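# Per-entry structural report
The residues making up each chain are set out below.
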Amino acid sequence: MARTIGHPVCRRARREGFSLTEVLLALSILGIGLAMVMAVFPAAIEESRNSVENVLGTIICENGLSICKVRVPRASVAGTTLAPVALSSSARTYPADSNDATRGFLVLGRRLNVVRNEYQLVIVSYAKRQVSNDVKAEFIGKSIDPNATQLTVNAGQKYLLQLGSPVIDAATGNYATILAVNDQTAVLDHGLGSAGGTLYFIIETSGGSPLSGAKVSPAMTVMVARTGLNQ
Amino acid sequence: MIRHRDKTRDLAPIEPACNTLGTARLPSMSMRKGKAFTLIELLVAVVILSLMITMVSMILSQSQKVVNVAQARIRSNGAAANIAEMIRQDLRSVSKNGILCITDTSQADRSPRMLFTTAGVAHSVTGTTRGTGAFIAYGQVANQADAGNPANRILWRPGWVLTASPDAGTQPWMDIWQLDFSTLQGYTRQQVNKDVINNSAFTGAVGNLRVPPNTMTEINRLWQVATTGCSRLSIMWTDGNTAGGLRWYGRDINGNLNPKDSGWTGRNSTNLDDPANLSTPEYDGSQSGTDGVYRVLWTHHNQSAWPKAIKVRFALRDPAMPAEFQDVDYEVIATLGQ
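Residues numbered from 1 in each chain as written. Chains lettered and ligands numbered in written order. Predicted model: local features only at pLDDT ≥ 70, side-chain atom pairs only at ≥ 80, totals over all residues.

Right, let's talk about the overall build of chain B for a bit. The secondary structure content of chain B amounts to 7 helices and 12 strands. Taking all 338 residues of chain B together, the buried fraction comes to 35%. Sequence-distant contacts, at least 24 apart, represent 60% of the contacts inside chain B between residues at least 6 apart. (Helix = DSSP H or I, 4+ residues; strand = E, 2+ residues; numbered from the N terminus. Buried ≥ 20, exposed ≤ 12 C-beta atoms within 10 Å, placed from the backbone. Contact = placed C-beta atoms within 7 Å.)

Attention shifts here to the environment of B:L278. Residues and elements named next belong to chain B. The topology assignment puts L278 in the loop between β8 (230-238) and β9 (282-284). Exposure remark for L278: the 17 C-beta atoms within 10 Å place this residue in the partly exposed category. Here the alpha-carbon distance between L278 and H301, two residues 23 residues apart in the chain, equals 5.8 Å. With residues up to four places along the chain from it excluded, the contact list for L278 reads H301 and N302.

This part takes up the environment of A:I178. Residues and elements named next belong to chain A. Among the structural elements, I178 can be located in strand β8 (residues 175-182). According to the C-beta neighbour criterion, I178 is buried, with 23 such atoms within 10 Å. Measuring from C-alpha to C-alpha, the distance between I178 and I123 comes to 17 Å, with 55 residues separating the pair along the chain. Residues within four places of I178 in sequence aside, it is in contact with L161, Q162, L163, G164, S165, V167, A186 and L188.

A separate point is the pairing of strand β3 (residues 130-141) of chain B. All names here are of chain B. Taking burial as the measure, the 12 residues of β3 include 10 buried ones, the bulk of the element. One ladder, built from 9 bridges, connects strand β2 (residues 113-123) with β3; its direction is antiparallel. Each bridged residue has a counterpart across the sheet, and for R113 the counterpart in β3 is G139. Adjacent in sequence and paired antiparallel, β2 and β3 are bridged by 6 residues. As paired strands, β3 and strand β5 (residues 159-163) are joined by 4 bridges and run antiparallel to one another. Along β5, the bridge assignment pairs G133 with L162. (Pairing = 2+ DSSP bridges.)

This part takes up the confidence of the model for chain B. Close reading of the predicted structure is inappropriate where its pLDDT is low. Residues and elements named next belong to chain B. Taken as a whole, chain B shows an average pLDDT of 78; of its residues, 79% reach a score of 70 or greater. The secondary-structure element of chain B with the lowest mean pLDDT is helix α1 (residues 7-11), recorded at 46, while strand β11 (residues 309-316) shows the highest, at 92. Long-range and interchain partners of residues 1-32, a stretch whose pLDDT sits below 50, account for 38 contacts in this model, where long-range means more than four residues apart. In the predicted complex, the global pTM is 0.79; the interface-specific ipTM is 0.76. (pLDDT = per-residue confidence, 0-100.)

Below, the discussion takes up unusual backbone geometry. Cis geometry marks the peptide bond from A:Y94 to A:P95, where omega comes out at 0 degrees. Tracing the backbone through its elements, the reader meets A:P95 in the loop between β2 (93-94) and β3 (103-113). Omega for the bond connecting B:V211 with B:P212 falls within 30 degrees of zero, at 5 degrees, which places this linkage in the cis form. In this structure, B:P212 sits in the loop between α6 (200-206) and α7 (216-220). Non-glycine residue A:N117 carries a positive phi angle of around 55 degrees. Mapped onto the elements of the fold, A:N117 is located in the loop between β3 and β4 (118-127). A positive phi is found at A:D183, a non-glycine position, where the angle reads about 55 degrees. Of note, A:D183 is situated in the loop between β8 and β9 (185-188).

Residues and elements named next belong to chain A. Taken together, the 3 bridges between strand β7 (residues 166-169) and β8 define a ladder with antiparallel strand orientation. Bridging from a neighbouring strand, I168 pairs with Y175 of β8. The turn joining β7 and β8, which pair antiparallel and follow one another in sequence, is formed by 5 residues; a positive phi near 90 degrees is taken by G173. Here β8 runs beside β9; their pairing, made up of 4 bridges, is antiparallel.

With that settled, the discussion passes to the sheet that holds β11(B). Residues and elements named next belong to chain B. If you walk across this open sheet you meet the 3 strands as β8-β11-β12, and the pairing is antiparallel. Here the strands that pair on one side only, and so sit at the sheet edges, are β8 and β12 (328-335). Across the sheet, the mean angle separating the axes of adjacent strands is 15 degrees when strand polarity is ignored. Strand direction decides the pairing type here: β11 and β12, joined by 8 bridges, are antiparallel. Residue pairing for β12: L316 is matched across the bridge by V328. Set on the sheet, helix α3 (residues 39-92) makes contact with β11 and β12; between it and β12 the angle comes to about 20 degrees. (Axes fitted to C-alpha atoms, helices over the stretch in contact; angles between N-to-C directions.)

Structural data, given as structure tokens:
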């Protein structure tokens, strides 16, 4: 017999180095590990993008306040609870009077004291995915505990729960931000401090309908201002 | 260690690995013969590893690029936010007992300009003088340290304390204007042009701005600089006319004279120094050449016709940004103190 095979000790003795299969296996494990590490990068980039957008969002909100002071008639903010303030699409875009920008703002307003010319404006800056889309504040009737940091909606309202969307109480202007969504329940960054009643959410629409499959709200920054209107 | 495969040995080993009884050979022999990779195995492993390293480095490179852009945007946005806040605060303090003037000249490095009076206690930066108001100006001027580079122009924001009696001990004054509101209110438009807009305090200071500075005087002048790398600037105004959208007048960021400019009602472009016309803002759009393209002047005579809001649009260029992200436009819309 020229060669003896099959004995365990003998086989082990002949295979002290790694086989190709072993090396490939090791590389596969390494690859999976690297892939897991790489998965962290998009999250970090998203955080970075958010911080960039937040600064710009503040500028847009302050511009929005200036525009509202100049051109929103007092008579158009008649209610004592927040309602969308009508402004043309071009007036709401950033840069102003532009129709080809993805950034802009929308306004909810209510009157506080007409005699003293006091109004509350909630200005939300946003970044749309597409120029042709629009952004709107959509509301639901909902009472929640003032300290509750979880908000559960009906199955048909799930589309409103989008990460980063402010949840605005129409009665007070208080708002919280959605941090996480689990099916019909959203986790808020803090309680609204009021019982709710009517809650507004900021969503992106296309052709008047909510953008299907949107998980992240277009909202960037929220500014709540107590101001007078010049018209 | 690389072991070269020996076909002869593979097919018919000269030395059997084990004897016929199945007992192992001497350990020292088996270690020596079976420990290393073959050349093929190593080559395959190296190729696969190289592919993986290439893929990872590509991902890292892309990530680094995104991070660099994000960092540059953060710097740029931070500068813009500071400028925006400064403009808003300045415009909130505007005093209609003084003047507001917006000019646009054909001189690329001196255009456009906005200057206005503010009310409230103002402190000199270079001395101890205080005043009850200030002249504030915004404009785009050449950076003398890099004068030939339009992208590195300065967003100029000087401020002069208005006082008729500056502290004698602080000369030479760099930011004090020997004038008070009562004197200013007696000025005709021509006097405003001569003694304010074309005063050497405005025109002369521009030629000395240098960033980075080389001398102590230049360091002292840095209070005039809102930012460097301001590649474009536009200053427009609105009278609150909302027909068809909010109307903005003046030259836009692309250098085009806004068509709506000609539709500005309430302006006065004839007999500008005629007292009978003082109740309307003075608009001179007939200028040409080095003197300017247009000049708009509001005074205490026509307070109700002052703009409702000012729109300042500027582009910032960060040299660290990739070319495709250069010249980021920002827009600040601010209402005037009513």
